[in-house]
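Listed here are the chains, written in short residue letters.
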Amino acid sequence: MVRAAFLFVVLVLAGLTATEAAAEKRVALVIGIADYSTVPKLKNTINDSRLIADTLRGLDFEVTNFADIGKADLRVAIDRFAFVAETADVALVYYAGHGMELGGQNFLIPTDATASNRSDVASQSISLDEVLRAVDKARQLRIVVLDSCRNDPFSSPDDKSLTVVNIDPGSSGTRSDGLAPPSPDRGTLVAFAAEAGKVALDGAGNNSPFAIALANTLKTPDLEIGLMFRRVRDSVLQRTGNSQEPHTYGSLSGNPYFLAGRSAEINVLDKADRKNAWAVLRPDQEEQLLALAQDGDTRALKGLAYMRLDPKEKRYNPEESVALLKKAAAAGDAEAQFELARLYERGIGVPQDIEKALEHYWKAADNDFADAVNDLGFLHFQGGLGIVRDQKKAIGLFEKAAALRHPEAMFNLAALIDDGIVPGKSAEDSARYLYESLRSGNEDVLKQLSDNPRMFKERTRLALQKRLADQQLYSGSLDGQFGPQTKRSLRRAYGIEE
Amino acid sequence: MSKINQGLQKIAPVTIAVAMTVTSVLPAQAAVQVASDREMGITTAVPETYAMLLGPRSTLPTVMIPEFELVFSDSATSQITRVLKGATRECRALASEYRASCAAAAFKRAASAASRPDYRAARSALNKASRDLSRLVSRNADRSAPTIGSGRKKYKAVKKAAVRAVAKQAISIISETQTKLLRSSGSVKRKTHYKRIAQAVGSTKVIFRS
């Protein structure tokens, strides 16, 4: 009853009602490969992919399901998915088939791979990096599930059988569009059906134990996503007599997320209320969170901290929030460092201390936490919090945050480029950042461009129209004027289908 | 710092600007200027409490006229503001002898709107204002005049001759309340709701914090 009351309070006071709340957009790409041409065939992978596809459809995912797909088609599918993922809140890829590791990278092997040794196969396969890039632009949550540790078709005594997941952004190099490689620490989870070097069981029946556990757990109502994967792991361990243990890599943001149940309503709350929504967690899950926090799990520490920052909650205790965030920050959690900086800036749970605030903003920024980088850019541009105005430094910070795909930073940078104060950047660059900012779901950008397009110079507006046209989002005249057709196209770019 | 004080200091900021204006005529919609707030970009709501109490311009005394400024940082604060704003409209429509009583009831309703744990100090200050205003009305009551309204909105009249004096005292009660709220909520800069959007320095563009 308390939870229901809280949900009511949160949803109503946050200005949303059940009818007004914007529905989430969830997209999934599900692939199952069994019929390999040269590599040993697999048994349950197609069944497993169907099971997962059906489960996800039941959870309101738009699912694209492929069975026995070759490399060229798989690449096309992934590219299409990448575009669709940009305006999605959640993007999930599930792959059941052969996979292997080579040179620190993971590969998904399509049906038509014909090589007879590992290095050749890699060149005929799709890398995990490509898949990560495809989900990377989804706005809230990115999940890649690799149910691909069946039997290694190329196992030999000399092979390193470690399955290494390369999530270090530095190693993938920069992309051709100048944006940084995917950064999973912003909310990408990669789940493997088994530990590195171990085999995932195909199962005696029609489905593998991992797929069954995953399907059941995905559907569990009111189960927070972080705890969800733990439950999958526990379930698989149990089903396989402790012989198979799924693993996850990457990390989730500090925002709570629910795939199923009434709690899922909190997924669409706006920034401030969303963090507080950890409070809807059921008591048994809160217990789990407490236990994890004791072990130093930084996401658990943050969740508990955010719960205590909501004045509407009985647990309201900002001093304790600060203590919890300090622990997480000390453990190197960049989000905690940023949130702590905010509390110091505002004097919540701790006496206002601008110096400490800035110290923590810099810590978070040095850890590439985009919110912090953008805020420092803002403060340097405007000269806030006692910082001396430094346009050049500000622009550098906005560029860094924009490269991390920060929605506001991309807009800020576009604005300054349009003003002509960013050396080496043109109207096309400004338009590109505006476009990417829209695609990232920045509602303020949509509003500014719709209500106040003349804030931007004509050549920038024209360049944006061209970009929208290139993406098949706009078919009107390229004249730099933002009439109803252009505005409709802006909304489409943002993700509103009319 | 006590939890009560901190509570107010946070998501429930109530900033009060006391505009000292010595004039006999005040524009109906006085803009509120608070220097330090401006930079912070705090939006203002001005329930014209003095107008609520004093009636039409011609009867305005030449004394300090306080005005409210509440920060729309969250729904609870805006609820309180809504109550006071609604009361302003309502009270203004009444004859001047009923207005102090109307104000007392308004503050009582605003206090009920401040029901969250961190609003304790605000609630207590608003309740006290209501009690003091009621006592003021009682002391100057016009027993021959009818009570108007019903339920929580029942208003008593003060003697016509006492209207100005009552207004002056009411203003000082409200000023005191404002000071209490201001003191307990801390300085303006500590308000949680800093500006997310700003006009970029030297530009016509706006830029955003995270």
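Being a predicted model, the structure only gives us computed values, none of them experimental.

### Quick notes on the packing of helix H6 (residues 209-219) of chain A against helix H7 (residues 225-239) of chain A
Residues and elements named next belong to chain A.
Part 1 of the reasoning: Between H6 and H7, whose axes approach to 9 Å, the crossing angle comes to 140 degrees. Taken together, H6 and H7 sit at an angle that is classed as oblique. Helix-helix and strand crossings are classified by hand; for H6 and H7 the assignment is right-handed. Every residue of H7 that contacts H6 at Pro 209, Phe 210, Ile 212, Ala 213, Leu 214, Asn 216, Thr 217 and Leu 218 is listed here: Met 228, Arg 231, Val 232, Ser 235, Val 236 and Arg 239.

### Some points on the environment of Phe 398 of chain A
Part 1 of the reasoning: Topologically, Phe 398 of chain A is positioned in helix H15 (residues 391-403).
Part 2 of the reasoning: Each C-alpha atom of the pair Phe 398 of chain A and Ala 409 of chain A lies 5.4 Å from the other, and the pair is 11 residues apart in sequence.

### Remarks on the side chain of Ser 450 of chain A
Residues and elements named next belong to chain A.
Part 1 of the reasoning: With respect to the helices and strands, Ser 450 occurs in helix H18 (residues 443-451).
Part 2 of the reasoning: Judged by relative accessible area, which is 14%, Ser 450 ranks as buried.
Part 3 of the reasoning: Dropping the residues within four chain positions of it, Ser 450 is found in contact with Lys 487 and Leu 490.

### Observations regarding the sheet that holds strand E5 (residues 105-108) of chain A
All names here are of chain A.
Part 1 of the reasoning: In spatial order, the strands read E4-E5-E6; together these 3 strands make up an open sheet with antiparallel pairing. Two strands bound the open sheet, and with one partner strand each, they are strand E4 (99-102) and strand E6 (126-127).
Part 2 of the reasoning: Across 4 bridges, E4 lies against E5 in antiparallel orientation. Residue pairing for E5: Gly 99 is matched across the bridge by Leu 108.

### Quick notes on the packing of aromatic side chains
Part 1 of the reasoning: Per the counting criterion, the structure on display carries 5 aromatic pairs over all chains.
Part 2 of the reasoning: Here the aromatic rings of Phe 411 of chain A and Phe 456 of chain A are separated by 5.8 Å at their centres, their planes lie at 80 degrees, and the arrangement is edge-to-face. Pair noted here: Phe 411 of chain A is in helix H16 (residues 407-419) and Phe 456 of chain A is in the loop between H18 and helix H19 (458-470), with a separation of 45 residues, a long-range link. Here the two residues Phe 411 of chain A and Phe 456 of chain A agree in accessibility, since each one is buried.
Part 3 of the reasoning: Where Phe 411 of chain A meets Phe 208 of chain B, the ring centres are 5.4 Å apart and the plane angle is 70 degrees; that geometry is what we call edge-to-face. Taken together, the positions of Phe 411 of chain A in helix H16 and Phe 208 of chain B in strand E6 (residues 206-208) put the pair across two chains. In terms of burial, Phe 411 of chain A and Phe 208 of chain B fall into one category: buried.
Part 4 of the reasoning: Within the aromatic cluster, the residues linked to one another by ring pairs are Phe 338, Tyr 361 and Phe 369 of chain A.

### Some points on the pairing of strand E8 (residues 188-192) of chain A
Within a regular strand, the side chains alternate between the two sheet faces.
Residue and element names in this part refer to chain A.
Part 1 of the reasoning: Extensive coverage of E8 is indicated by the burial of 5 of its 5 residues.
Part 2 of the reasoning: Of the two faces of E8, the one holding Thr 188, Val 190 and Phe 192 and the one holding Leu 189 and Ala 191 are both buried throughout.
Part 3 of the reasoning: Both strand E7 (residues 141-147) and E8 contribute to a ladder of 5 bridges, which runs parallel. Within the sheet, the bridge partner assigned to Arg 142 lies in E8 and is Thr 188.
Part 4 of the reasoning: With 5 bridges connecting them, E8 and strand E9 (residues 247-251) associate as antiparallel partners. Bridging across to E9, Thr 188 finds its partner in Ser 251.

### As for the sheet that holds strand E2 (residues 61-67) of chain A
All names here are of chain A.
Part 1 of the reasoning: Taken together, 6 strands build an open sheet; the order of strands is E2-E1-E3-E7-E8-E9 and the sheet is mixed. In the strand order of this sheet, the two ends are held by E2 and E9, each with one partner. Ignoring which end each strand starts from, the neighbouring axes of this sheet average 10 degrees apart.
Part 2 of the reasoning: When strand E1 (residues 26-32) meets strand E3 (residues 90-96), the two strands line up parallel, connected through 7 bridges. Paired with Arg 26 across the bridge in E3 is Val 90.

Reading the values: rules and limits
Residues numbered from 1 in each chain as written. Chains lettered and ligands numbered in written order. Predicted model: local features only at pLDDT ≥ 70, side-chain atom pairs only at ≥ 80, totals over all residues. Heavy atoms only, no water. Axes fitted to C-alpha atoms, helices over the stretch in contact; angles between N-to-C directions. Helix = DSSP H or I, 4+ residues; strand = E, 2+ residues; numbered from the N terminus. Parallel < 35°, antiparallel > 145°, perpendicular 65-115°, else oblique. Left-handed = near helix turned anticlockwise from the far one by under 90°. Contact = heavy atoms within 4.5 Å. Buried < 20%, exposed > 50% of the residue type's maximum accessible area, 1.4 Å probe, protein only. Pairing = 2+ DSSP bridges. Phe/Tyr/Trp six-rings, centres within 6.5 Å; stacked < 30°, edge-to-face > 60°.

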